[in-house]
Structures are given as structure tokens and as C-alpha cells.
Amino acid sequence: MASPIDSATGPAVEFTRVSKSFGDFKAVKDITFEIRRGEFFSLLGPSGCGKTTTLRLLAGFEQPDEDGGTVRISGQVVNQKRPYERQIGMVFQNYAIFPHLSVEKNVAFGLVQHKVPKAEIPDRVVKALEMVRLDVGKFAQRMPNQLSGGQRQRVALARALVLRPAILLLDEPLGAIDLKLRKEMQLELKALNKSLGITFVYVTHDQEEALTMSDRIAVMDNARVAQLGSPAEIYENPRTSFVAKFIGESNFFDGTVERKDGAVWRVTGANCSFVVPDHPALRPGAAVRIAVRPEWMDVCATREVPSGENAAGGTVRDVIYLGEMMHVIVTLRDGTDCTVAVRNEGQLIKPLPWKRGDAAAVAWLPEDCQILEDE
Amino acid sequence: MASLRQRALAFFHARPAAKAWALLTPGTFWLVLFFTVPVLIMFVYSLMPRGIYGGVVPGFTVEHYQRFFNPLYLEILNRTFLWSLAATLICLLMGYPLAYLIARSGTWKNVLMFLVVLPFWTSFLVRTFAMIFLMRDTGLINNLLLRTGLIQQPIEMLYTPFAVMTGLVYGFLPFMVLPIYASLEKLDLSLLEAAEVLGARPASRFWKVTFPLSVPGVVAGCLLVFIPSLGSFLTSDLLGGAKQVMIGNLIQNQFSSARNWPFGSAASFIVMALVLVAVLAYLRVRDRAPAGTA
């Protein structure tokens, strides 16, 4: 089915209606997506959402259920192929460095298994260690228990890359290292992805990490792909309330659609009436839920709402100082809290005029309403 | 009372050294009284002349040690050594796969480990007697084989090296399984997955990852089988009869019927010295190859 041209230019990975159950538990339900050649692709979701199972299906540690769809790598169906027949590399969550082998032998392991000529091995090991910026002279002979977490991480990466895989799978590899090093590694991984041209498939539960590194993200929820898109698409245009909540923060407003008013629709909610842009799901009488990002909202005096903006009145419950931002939390009439992020322009010189207990309104533009398609 | 308890706790909290001594005392006391002292007594006895009616008389002699280097005794020592080695090897070959399967059997592993240690609930003596009933000419095995017509004459099993070896392996197999199981059970399975992605087929995953990481358990198991095998006397006495004497029987005999305590003590010390050499050799090998690089 796959012509040679497909395998050279087609997607690196295709999941077609893939399902996987463990007994009665459905870990992955009927998921379909593609991973493009050379891209940095993230599987993002909370624990138990099916992201690790998806990665393991791709690695070949798990097979799809019978009639559970197909997994293709470079156009070839790999459902029944063993991990070592898939041209993949993998970095494990706990690194899975062989504790009884030196750094050098860990990295050479795959080369020996693939019967690479002995004379070639030392050179390739050195190149792989240099690629992940580990000092060869200092570390090659060390045992894993003499390495820090970050160094082990690099050894795991070198061990996977030394085989020049077409696809590198990474299972939450940065979870166990400290914040500063993690930020550094994020940028390094992204740079490696671009310079080597290897497709990276990255599993994480950390939305910030996914946004930082990925070309595209598949947000997974409850064994399905909830949304797939670039970081900007996912953040700025979340399709379900799960995505809106899981990636960044969101304020939610529920209401009933009243009527179309020119290019916009009028909606009556619990706290206020508001207008939303046109959307195929809207018709009079339908229930609608919208999400608005805190930084797209403003706080103003109840009587000073700019014309043309949606607004809801309430009371300031708290003002939280975050450094570059201030979070103003306003309790609306129905008791729900709405968070508004305001840029900090210097509280010592130009303090916010709001304090706890003040009456205030939150205001936002109609076009900043994200209409959610919840089941 | 409470205040006394509190004062005692405060006292030990303030003096960690006193706490360490207090915790060590019962065990140390026990070992000194029932191990160190008897060993010292035996050492002294082994260097004293034998009394005419048993026991020892004052004096100093090394004749008991010299006496041991006699072809008869050296043959017993040699046989004991080889049999212990063979029992250790057989236990390893049987115990490793068993421990491996149990470690991989998920929710069943606790039940299976319980079954492995279950024989300890009955006395070793009783279990060894049971083996006599299995292996003697009119025993269960021979009876079954005769009835099915597979053999016409009973196979002579009891009082042969085969019987002793069977008894040793049976008795010490759990000591091989337990430490190997412990090292396999804690093996991180993602190491095997990592090896698989890197191209390792099942056999090389075993020999390059699983086995090297279980070497500490294998070595511990071998020591736990080899050392007690060297000193065993019950198995060879009951299953080997008069022909299959091991060094343990020789020593036991000196202390009971032969009433030659100094010679028994000297023989004990020679065996102890051999065990010590074996353990030290193992420790050197282990320290030279950290984390079990076999």
C-alpha cells in the first residue's frame, strides 16, 4: 500500500482508529492522528489519560486490540513489529540506564546489539556523548551511580540517538530534574530535534513544557485526543472545557443563546447578558459555554465598562501579586469566581485601584469568547 | 511510670552512642556467649592432648591437626567439597529458573514464595526420614516403577551418593531461591524494555541485563547453599549410611561415639578455615567488579 514516495515524504507516524484495552479498562479509545516528519510532537494530558499507552503502542511494547486499528511508521503497518524492528529510540521516565555498565558501555549497548563493526563503535559513542554535551574524558568511564540526574538524562539521550533512529520517543524525561536544568534541557531537546531532523514524540503532563517545545500538541483526555494543533491553536482556541482548563487558566460562562444580532449572537447567562461571535453550533435556545482567558479580560468600575464589551458585575475577593502579573479575583453575582490577569505596572509607583471588597466589573471583548463544544 | 519512660527516652536521645550500645547489647551478648566463647573453647581443645577417657588433659600439641592430613580424612574432605559444589550447582540450575518464574508471576508471587518456604514448617529431620520412605528398595518410587513394569528389580537409591545429593539439594534449594528471587523481583523492568528498543533479543536481554543484575543474589544463594552443605551431617548420615561419609559426620562422630574432642575440634577448624578462604575469595571478586559485572 505504501509506495516508496510515501515513506520518504509522508507522515512519520499514523494512528488510524487505534484502541487498546487492558481487561475491562479502555486505555486508548479509537484515536486517529498523524505525526509529521521531523516535527516535535507532544502527547499532553493528566495521568491516566492514555498518553503513555499511546507512546507504548508506538514503541511496540503494546499492540492494539484485535480490530483495534493500525499504527503506521513511515507508511508501513507496524502493529505486529517488535520495538527493535521499528527504527525508534526511546528515553524512559526513570532513564533506565543499565546500572551495571559504564556510561560508555551504556551508549555502546545498541551498537553492539546491532552488530556495528567493533572499530566503528568508540567513535560513534564519542560523537553521541558530544551531541548531548557530556564531557567524554570525564564521564565515559563512570558508572551510573556516579552521575547526577541531569547527567543520566543525557546518557539516556545519547544511548537512544547513537543508533540514529527515525523517531525518538520521550516519556516524561524531564520530570525528575530540577526546574532550572529542566528549562535548559527543554531548549536543548528542541534544538536537537531541529538539527538532527529526527521526529520527536514527547509525552508530558506539564502544559508549559508542551507549549515551550512542541510544533504540535495532541491534548489527551479520557483515552481520546481532545484536541490537536499548534501551541497557539490549542491555547488560543481551545475546543472543549477540558482543554481550556488543562492548558492555562480560563474563566467559564454558561448561558442560553437568545438571537442573532448582525454578525454576533446575544446570550443570557447567570450573571449577565453577553454577545459572542458567530459559530456553527449556535442557534436560538441552545445552551452555550464559553471560555475567556484571564489576560484577555479587564477589571473596571461598574459604570465605566467600555462600550461594545461584555461585562459582569461583582465584588473584588482578592488581589494576588505574582511579579510580572497581578491576578484580580472577582466574585460574580452567582458566587462564581472570575480571575483577571493584569500587567503589573509597578505597585509602588502606580498601585492597582482595587482592593478586597470593592465593587467592580469584569469586561472582555466579544471576539475573545471561545465557544466550547462539550459533549 | 510515664516520667521514667520519658526520662529514659530523653537520656538516649541526648546520647546517640549510648543508644547504639543499648541496641547492640542483647545481640552481642548472645553471640559472645553462644558463638565466640564456644569457638574459643574449641580452639583451645584442638591444641590440647586427648585424655584417656575422653576430654582433654593439660598440655600443648598440634598432633590433631597433623593427624587430619591423612589420605583417609583428606578423601572425606575432598568428597565433601565436591558434593557441596555439586549440590550448589544443581540448586543454582534448578533454583534460578524457579526464582525467575516466581518473580515474573505478578499477583501470584507471594503465594508461590510462601510455597517455597512451606517445608520449613516441618522439621528437617522428619522431612529427611520421609525421603528414606520414598527412596528405599520397598519405597514409593520403587514400588510404583515395579508395578508399572518399567523395572524388574528395585533400583538401589538409598545409601548412594545419589540419595545424599537429592537430600542436600532438597534441603537447601529454598536458600538458593530466596536471594535470587529478591534480586530479580526488584529488577526494574524498564531496563529490559530499554534493551529491547536498543535491539536486544530475549536471550541477550537475559544475559546482558537480567543475569548480571541478579549476580549478587546468585552469589548469596551459592554461599547459603555451599557453606551449610560443607557442614551437613544429618543428610549424609540418614540417606548415605556408613558408606557416604561427609566431613560433618566425621566431626560429629569425634564428639559422640569416638569421644575424641580435640581431633573433632581440629577438623572443625580446618573446615572453618576453608569456608573462610572461599568467602574471602568471593568478596575479592565482588569488590573488583562492582554492581555485579559478570
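Residues numbered from 1 in each chain as written. Chains lettered and ligands numbered in written order. Predicted model: local features only at pLDDT ≥ 70, side-chain atom pairs only at ≥ 80, totals over all residues.

### Re the overall build of chain A
On a plain count of helices and strands, chain A comes out with 10 helices and 20 strands. With the C-alpha coordinates aligned to their principal axes, the bounding extent of chain A is approximately 80 × 55 × 40 Å. Counting only residues that meet the buried cut, chain A has 39% of its 375 residues in that class. Of all intrachain contacts in chain A linking residues separated by at least 6 positions in sequence, the fraction that spans at least 24 positions is 65%. (Helix = DSSP H or I, 4+ residues; strand = E, 2+ residues; numbered from the N terminus. Buried ≥ 20, exposed ≤ 12 C-beta atoms within 10 Å, placed from the backbone. Contact = placed C-beta atoms within 7 Å.)

### What about the nonpolar core?
In this structure, Ala-158, Leu-169, Val-201 and Val-219 of chain A are the most contacted members of the largest nonpolar core, which totals 108 residues. Top contributing element to this core by residue count: helix H6 (residues 149-161) of chain A, with 6 residues. Dropping the residues within four chain positions of it, Val-201 of chain A is found in contact with Ile-35, Phe-41, Leu-43, Leu-55, Leu-58, Ile-167 and Leu-169 of chain A. With 41 residues, the next largest nonpolar core counts Ala-103, Ile-180, Leu-184 and Leu-250 of chain B among its residues. (Core = buried A, V, L, I, M, F, W, Y, C linked by C-beta atoms within 7 Å.)

### As for the domain arrangement of chain B
Residue and element names in this part refer to chain B. As far as domains go, chain B holds domain 1 (1-46) and domain 2 (64-292). Taking the mean C-alpha position of each, domain 1 and domain 2 sit 34 Å from one another. Taken together, the contacts link 4 residues of domain 1 with 7 residues of domain 2. Classifying every residue of the side of domain 1 that touches domain 2 by side-chain character gives 3 nonpolar, 1 polar and no charged. (Domains from an automatic or database assignment. Nonpolar A, V, L, I, M, F, W, Y, C, P; charged D, E, K, R; others polar.)

### Describing the environment of Arg-266 of chain A
Residue and element names in this part refer to chain A. Secondary-structure assignment places Arg-266 in strand E12 (residues 264-269). Residues Arg-266 and Pro-277, 11 residues apart in the sequence, show an inter-C-alpha distance of 9.1 Å. The contact partners of Arg-266, leaving out residues within four places of it in the chain, are Glu-258, Arg-259, Asp-261, Ser-273 and Val-275.

### Describing the interface of chain A and chain B
Residue-level contacts link 18 residues of chain A with 18 residues of chain B. Residue assignment for the side of chain A that touches chain B shows that the elements contributing at least two residues are strand E6 (88-91) and helix H3 (103-113) of chain A.

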